[in-house]
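# Descriptive analysis of the structure
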Amino acid sequence: MKLTGAQIVCESLLKEGVDTVFGILGGQILPLYDTLTQYPQLRHILTGHEQGAAHAAEGYARSTGKVGVCFATSGPGATNLVTGIADAYLDSTPLVAITGQVGRLFIGKDAFQEIDITGITLPITKHNYLITEAADIARTIKEAFYLARSGRPGPVLIDIPKDVQTEQADFVYPVRIDLSGYKPTISGHATQVSKAVKLITSAKKPVILAGHGAIISGVYDELRSLAETAQIPVVTTLLGISSFPESHKLSYGWLGMHGLAYANLAVMEADLLVAVGLRFDDRATAKVSTFAPHAKVIHIDIDPAEIGKNVHVDIPIVGDAKNVLKAINKHMQPLEHTTWLKQLDRWRKEHPSIAIRDTDTLLPQYVIRKIWEATKGDAIVVAGVGQHQMFAGQHWFYDKPNSFITSGGLGTMGFELPAALGVKTGKPTENVWCIAGDGSIQMTIQELSTIARENIGVKIAILNNNYLGMVRQWQQIFYERRYMATPLHCPNFVKLAEAYAIPAENVKAKKDVTLAVKRAMAINGPYIINFEVAPEENVYPFVPPGASLHEFIEAPQKEVL
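Along each chain, residue indices are assigned from 1 in the same order as the chain's sequence is written. Given that the model is predicted, a residue must reach a pLDDT of at least 70 before its local features are reported, and side-chain atom pairs must reach 80 or more before they are shown or counted; all residues, however, enter totals for whole chains, interfaces and linings. Only hydrogens and water are set aside; all other atoms, that is, all heavy atoms of the structure, feed into the side-chain values.

### Let's talk about the overall build of the protein chain
For the record, the criterion: Segments assigned H or I by DSSP are reported as helices when at least four residues long, segments assigned E as strands when at least two residues long, and all are numbered from the N terminus. Buried means the residue's accessible area, taken with a 1.4 Å probe over protein chains only, is under 20% of the maximum for its type, while exposed means over 50%, and partly exposed covers the values in between. Throughout, a contact is declared for two residues whenever any of their heavy atoms are within 4.5 Å. In these tables, accessible area is a Shrake-Rupley quantity obtained with a 1.4 Å probe, and a residue counts as shielded only by the protein chains included in the view.
Each helix and strand counted, the protein chain has 23 helices and 20 strands in total. Here the protein chain holds 561 residues, and 60% of them are scored as buried. Looking at the protein chain alone, contacts between residues at least 24 apart form 76% of all its contacts between residues at least 6 apart. A total of about 22,000 Å² of accessible surface is found on the protein chain, and carbon and sulfur atoms cover 53% of it.

What follows is the structure, given as structure tokens:
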């Protein structure tokens, strides 16, 4: 059956189970967009910017476990995807980006809107392709989806010249893919598993440290089983939040620069770390040379390149975390660590990191807590990057699996709004709350048009302090309050919402928070609440740069507001 290259793309996407694509058309991808009219099974969501398309595809992927797909044209369309692709690469998000390219005769001749997007994205993709024959499209797409979702997930880019999209070829979709040299290890080595069980059994102060890989692998039951059987406290990374229910008595929050004090202390005092699916990022470890000084480390990760990269590992186990934990659990006998858990509970009382002080001023953490109370925690929270992200991580209690989605490795401001619309698209029956910073949201605020046009029912809470808050906090603490380039001139967000025909309101007082949240939840569609919060409220605890994990600064009793 002969089809055009564009038809082969669409047929191949359907073979991979794709139902939604985010993107923006342009000259060099017009044949593919014209062909989309023949495929109503593929819902195309027009975003306001290609970066928004990539982040929306990320949100869709991270909430559903499917591969997210985005389209863009050549030149600036393709380069506008780069931030989202890099974000997906660092946060191990399965993504396939398809870009149009100038015709084959024009490649390498500096044609209008020509750019070497495969060269640009080489360091931030698992693999990328420039397709020069329509006959190669089906196999390439099969490979791309296999690479994106297998092993450690990540983004793959496919660049297709315009004339290849119109060229005809036989369509035969491959049944299977065999990529020489690419064989992810799925099961942990039995000897290493046995060593891990012995080390866990002999430990007096063990801690399970769960990262994003725990969520990607879906180890919720296995993680809980190990923790409960061996009575091991669980700490997570920022991206590991919601891998273990935070109301559980063995949950001790998340660690790192703005992690909870008792989580940091637990890791620094532990004699064993069972690290599940993480890369020991510097924001989690703080001063790496002093990190967990008393602990032996069991590191479980599907990517062998991450093991031993940042932290010395005593027992490396390469494999899918779900399979490895299942193997460990088979051999685990019930254990007790009563004295150790009592110590952690004392630290929790001595360092109440999530206590919210009583003040008449509207605090951002108060807003987060009230939204959590109103939703009873039954929501997916999507945050950008900045103070609002840290408050969302600290003051919401995540019992629902995979319910906190944010930008981790790249730290991309503007992630929250397009990612939230992607999450809601992939999970239309879920409550989705976009927790946004007033600076962060303005980087991708054009996606309000996408949300309005598609009637995507995201609830948006803007924590508006009229600053680039996280950087301002650093300027306050380390630069004697020299607030250079951090004060913002924000728009009237309510009027802006009205311009997009999205209902919205402004909240200044504590007494109005809960009612506003309930009004938002009652609307069958998007809703924006602009919370005017304390301008100079800081995020605590705070581990200063260069300090060890236990050298955190806690909130002063009376902080200037």
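### With respect to the sheet that holds strand β5 (residues 95–101)
What counts is decided by this rule: DSSP calls a pair of strands paired once it identifies at least 2 bridges connecting them. In this description, a line fitted to the C-alpha atoms serves as the axis of each element, helices being fitted only across the stretch in contact, and the angle between N-to-C directions of two axes falls anywhere from 0 to 180 degrees.
With parallel pairing, six strands are arranged side by side in an open sheet as β3-β2-β4-β5-β7-β6. Only two strands of the sheet have a single partner each, and these edge strands are β3 (43–46) and β6 (127–130). Across the sheet, the mean angle separating the axes of adjacent strands is 20° when strand polarity is ignored. Where strand β2 (residues 20–23) and β3 come together, four bridges link them in parallel fashion. Among the inter-strand pairings, Val 21 is bridged to a residue of β3, identified as His 44.

### Remarks on the nonpolar core
Operational definition: Nonpolar cores were defined as sets of buried Ala, Val, Leu, Ile, Met, Phe, Trp, Tyr and Cys residues, with membership established by side-chain atoms within 4.5 Å.
Ranked by internal contacts, the top residues of the largest apolar core, which has 66 residues, are Ile 200, Phe 291, Ile 298, Ile 300 and Ile 328. Top element by residues in this core is helix α12 (residues 261–269). It accounts for seven residues. Look past the residues within four positions of Ile 298 in its chain and what remains in contact with it is Ala 196, Leu 199, Ile 200, Leu 272, Leu 273, Val 274, Ala 275, Ile 315 and Ile 317. Membership of the second largest hydrophobic core comes to 44 residues, among which are Ile 405, Ala 420, Cys 434 and Ala 436.

### So, the domain arrangement of the protein chain
Rules: Domain start and stop points were drawn from an automatic or database domain assignment. For any pair of parts, buried area is found by adding up, for both, the accessible area (1.4 Å probe) each one loses once the two are put together. Criterion for a salt bridge: a side-chain nitrogen of Lys or Arg within 4 Å of a carboxyl oxygen of Asp or Glu. Two N or O atoms form a polar contact when they lie within 3.5 Å of each other; inside protein one atom must be a possible hydrogen donor and the other a possible acceptor, and for residues adjacent in sequence the pair counts only when both atoms belong to side chains. Polar here means any residue other than Ala, Val, Leu, Ile, Met, Phe, Trp, Tyr, Cys and Pro, which are nonpolar, and Asp, Glu, Lys and Arg, which are charged; Gly is therefore polar.
Parsing the protein chain into structural domains produces domain 1 (2–170), domain 2 (190–350) and domain 3 (364–532). Each of domain 2 and domain 3 has a C-alpha centre, and the two are 30 Å apart. Each partner contributes residues to the interface: domain 2 has 16 residues there, and domain 3 has 19 residues. Surface buried jointly by domain 2 and domain 3 totals about 1,400 Å² across both partners, of which 63% is contributed by carbon and sulfur atoms. In this structure, the connection of domain 2 to domain 3 is made through zero salt bridges. Put simply, domain 2 and domain 3 have seven residue pairs in polar contact (both at pLDDT 80 or more) between them. Looking at the side of domain 2 that touches domain 3 residue by residue, the class counts come to ten nonpolar, three polar and three charged.

### Digging into the pairing of strand β12 (residues 272–276)
Taken across its five residues, β12 has five buried, putting it largely inside the fold. Where strand β9 (residues 206–210) lies against β12, five bridges are found, and the strand directions are parallel. Bridge pairing in β12 places Pro 206 opposite Leu 272. One ladder, built from five bridges, connects β12 with strand β13 (residues 296–301); its direction is parallel. Bridge pairing links Leu 273 to Val 297 in β13.

### Examining helix α15 (residues 338–350)
Here is the rule we go by: By this rule the span expected of a helix is its residue count minus one, scaled by 1.5 Å. Note that the arc is computed from the directions linking the helix axis to the C-beta atoms.
Taking 1.5 Å per residue as the helical rise, α15 with its 13 residues ought to reach 18 Å, and the 18 Å between its terminal C-alpha atoms agrees with that figure. Restricting attention to buried positions, one finds in α15 the residues Trp 340, Leu 341, Leu 344 and Trp 347. All buried residues of α15 lie within an arc of 115° about the axis, which places them on one face of the element. Relative to its buried face, α15 has exposed residues pointing more than 90 degrees away, namely Thr 339, Lys 342, Lys 349 and Glu 350.

### What to know about unusual backbone geometry
Put simply, Tyr 540 and Pro 541 share a cis peptide bond, and its omega is 0°. Mapped onto the fold, Pro 541 is located in the segment after β20 (527–532). In this structure, Gln 231 takes a positive phi of about 50° despite not being glycine. If you trace the backbone, Gln 231 turns up in the loop between α11 (220–230) and β10 (234–236).

### Structural notes on the environment of Ala 497
Take Ala 497: it is sitting in helix α22 (residues 493–499). Judged by relative accessible area, which is 0%, Ala 497 ranks as buried. Separated by 29 residues in the primary sequence, Ala 497 and Pro 526 place their C-alpha atoms 9.9 Å from one another. Beyond its immediate chain neighbours, meaning those up to four positions away, Ala 497 contacts Ile 502, Ala 504 and Ile 528.

### What about a nonpolar patch on the surface?
Filter applied, for reference: In this scheme, patches are assembled from residues that exceed 30% relative accessible area and form no salt bridge. Like charges are connected within 9 Å, while nonpolar side chains (Val, Leu, Ile, Met, Phe, Trp, Tyr) are connected within 5 Å.
Side chains of Leu 25, Leu 30 and Leu 46 sit close together on the surface and give an oily, nonpolar patch of about 230 Å² of accessible area. By the secondary structure assignment, Leu 30 is in helix α2 (residues 30–36). Residue Leu 30 is classed as partly exposed on the basis of its relative accessible area of 40%.

### Remarks on the side chain of Glu 536
The topology assignment puts Glu 536 in the segment after β20. Looking at Glu 536, its side chain comes within polar contact range of the side chain of Arg 481, at 2.6 Å.

### Points about the pattern of salt bridges
Within the structure shown, the criterion is met by 31 salt bridges. For Arg 104, the salt bridge goes to Glu 167, with nearest N and O atoms at 3.1 Å. Taken as a pair, Arg 104 in the loop between β5 and α6 (117–121) and Glu 167 in the loop between α8 (162–166) and β8 (168–170) lie far apart in primary sequence, 63 residues in all. You can call Arg 104 partly exposed: its relative accessible area is 27%. The class of Glu 167 is partly exposed, set by a relative accessible area of 23%. A salt bridge links Glu 306 to Lys 309, with the shortest nitrogen-to-oxygen separation between them at 3.0 Å. Overall, the relative accessible area of 6% leaves Glu 306 in the buried class. The class for Lys 309 is partly exposed, based on a relative accessible area of 48%. The structure contains a network of salt bridges with shared partners spanning Arg 104, Glu 133, Asp 163 and Glu 167.

### Digging into the sheet that holds β12
In spatial order, the strands read β11-β10-β9-β12-β13-β14; together these six strands make up an open sheet with parallel pairing. Of all strands in the sheet, those bounded by a partner on one side alone are β11 (251–254) and β14 (315–318). On average, adjacent strands in this sheet sit at an angle of 15° to one another, irrespective of strand direction. Taken strand by strand, helix α14 (residues 321–331) contacts β12, β13 and β14, and its axis lies near 130° from that of β13. Contacting β9 and β11, α15 runs over the sheet at an angle of about 50° to β11.

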